[in-house]
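Residue-level structural notes
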Amino acid sequence: MRRRMACWFYEGMLLFGVVFVAGYLFGTLSQTKHALDNRHGLQAFLFLIFGIYFTWLWSKGQTLAMKTWHIRVVDAKGQPLTQARALWRYVLSWVWFLPPIVLAYPFKLPPAAVGLLILVWVFVWALSSRFQIRRQYWHDVWAGTQLVDVQKKP
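Residues numbered from 1 in each chain as written. Predicted model: local features only at pLDDT ≥ 70, side-chain atom pairs only at ≥ 80, totals over all residues. Heavy atoms only, no water.

With that settled, the discussion passes to the overall build of the protein. Across its full length, the protein holds seven helices and two strands. Along the protein, helices (α) and strands (β) appear in the sequence α-α-α-β-α-α-α-α-β when read from the amino end. Expressed as lengths along the three principal axes of its C-alpha atoms, the size of the protein is roughly 55 × 35 × 30 Å. For the protein, with 154 residues in total, the buried portion stands at 32%. Within the structure as shown, the protein displays about 10,300 Å² of accessible surface, and the carbon and sulfur contribution to it stands at 72%. (Helix = DSSP H or I, 4+ residues; strand = E, 2+ residues; numbered from the N terminus. Buried < 20%, exposed > 50% of the residue type's maximum accessible area, 1.4 Å probe, protein only. Areas by Shrake-Rupley, 256 points an atom, 1.4 Å probe, with all protein chains shown as cover.)

What follows is the structure, encoded as structure tokens:
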């Protein structure tokens with residue numbers, strides 16, 4: 001689990017570049033003058049860009065972070081993912097973030113509290129993989145996918 005979480009953290013750092021380019025493109029095309037103007041449009045655009053990014057790379061087997069940490073995503077039979085299955089995995093992977101955000105919304109929590117709530121949820125969600133027989137994350141179980149180690153053995 002340590003390697004998978006390190007890969008997850010590295011993926012987040014790499015996504016800063018994707019967010020920067022996508023945000024610049026969105027701001028330029030929509031002529032957004034202030035960062036908070038049209039933020040829901042930007043969020044929807046980023047959701048779409050992330051979907052394209054992960055669906056395309058997962059259907060190829062690995063993102064750059066996954067290559068670095070020698071992890072590959074395959075279906076339950078060990079075959080490469082179809083684009084449809086990769087898209088389904090992307091949608092289900094939002095379980096990492098959506099529950100605490102949805103829970104925080106009616107209480108109008110400050111951003112720091114929402115961040116802490118997300119951090120606690122991510123920790124609990126990651127630990128919940130320990131209760132799965134093959135120690136896969138639950139969104140992988142639901143999507144019919146699995147993460148496999150592709151390290152070369154000496």
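This paragraph deals with the environment of Lys-77. Within the fold, Lys-77 resides in the loop between strand 1 (71-75) and helix 4 (83-93). A sequence separation of 69 residues divides Lys-77 from Gln-146, and the C-alpha atoms of the two residues are 9.0 Å apart.

Here the focus is the nonpolar core. Counting residues in each nonpolar core, the largest one holds 23 residues, and the members touching the most others are Phe-54, Trp-58, Met-66, Val-73, Trp-96 and Leu-147. Every element with two or more residues in this core is listed here: helix 1 (2-30), helix 2 (39-60), helix 3 (64-68), strand 1, helix 4 and helix 6 (111-127). Sequence-distant contacts of Trp-96, that is, excluding residues within four places in its chain, are made with Met-5, Trp-8, Trp-121, Val-122, Trp-125, Ala-126, Tyr-137 and His-139. (Core = buried A, V, L, I, M, F, W, Y, C linked by side-chain atoms within 4.5 Å. Contact = heavy atoms within 4.5 Å.)

Compared with the 42 Å implied by 1.5 Å per residue over 29 residues, the 41 Å span of helix 1 between its first and last C-alpha is a close match. In helix 1, a bend of some 25 degrees at Leu-14 exceeds every other bend along the element. Those residues of helix 1 that sit buried are Arg-4, Cys-7, Glu-11, Leu-15, Ala-22 and Phe-26. For helix 1, the secondary structure elements touched by its buried residues are helix 2, helix 3, strand 1 and strand 2 (145-149). (Expected span 1.5 Å × (residues − 1). Bend = angle between axes of the 7 residues up to and from the residue.)

Per the stated rule, a full pass over the model turns up 14 aromatic pairs. Centroid distance Tyr-53 to Phe-54: 4.9 Å. Interplanar angle 85 degrees. Geometry classified as edge-to-face. In terms of burial, Tyr-53 and Phe-54 fall into one category: buried. Ring geometry for Trp-125 against Trp-142: centres 5.7 Å apart, planes inclined by 50 degrees, an arrangement best described as tilted. (Phe/Tyr/Trp six-rings, centres within 6.5 Å; stacked < 30°, edge-to-face > 60°.)

Moving on to the side chain of Thr-55. For Thr-55, the position within the fold is in helix 2. In this structure the side chain of Thr-55 is engaged in a polar contact, spanning 2.7 Å, whose partner is the backbone oxygen of Gly-51. Other than its neighbours up to four places away in sequence, Thr-55 contacts Gln-83, Ala-86, Leu-87 and Tyr-90. (Polar contact = N/O pair within 3.5 Å; in protein donor to acceptor, adjacent residues only side chain to side chain.)

Side chains that differ in sign of charge can pair as their charged atoms come close. If you walk through the whole model with that rule in mind, you get two salt bridges. Asp-149 is the salt-bridge partner of Arg-3, the closest N and O atoms lying 3.2 Å from each other. One end of the pair, Arg-3, is in helix 1; the other, Asp-149, is in strand 2, with 146 residues separating them in the sequence. Among the ionic pairs, Asp-140 bridges to Arg-89, the shortest N-O distance being 2.4 Å. Residue Asp-140 is found in helix 7 (residues 138-143), and its partner Arg-89 is found in helix 4; the two are separated by 51 residues along the sequence. (Salt bridge = Lys/Arg side-chain N within 4 Å of Asp/Glu carboxyl O.)

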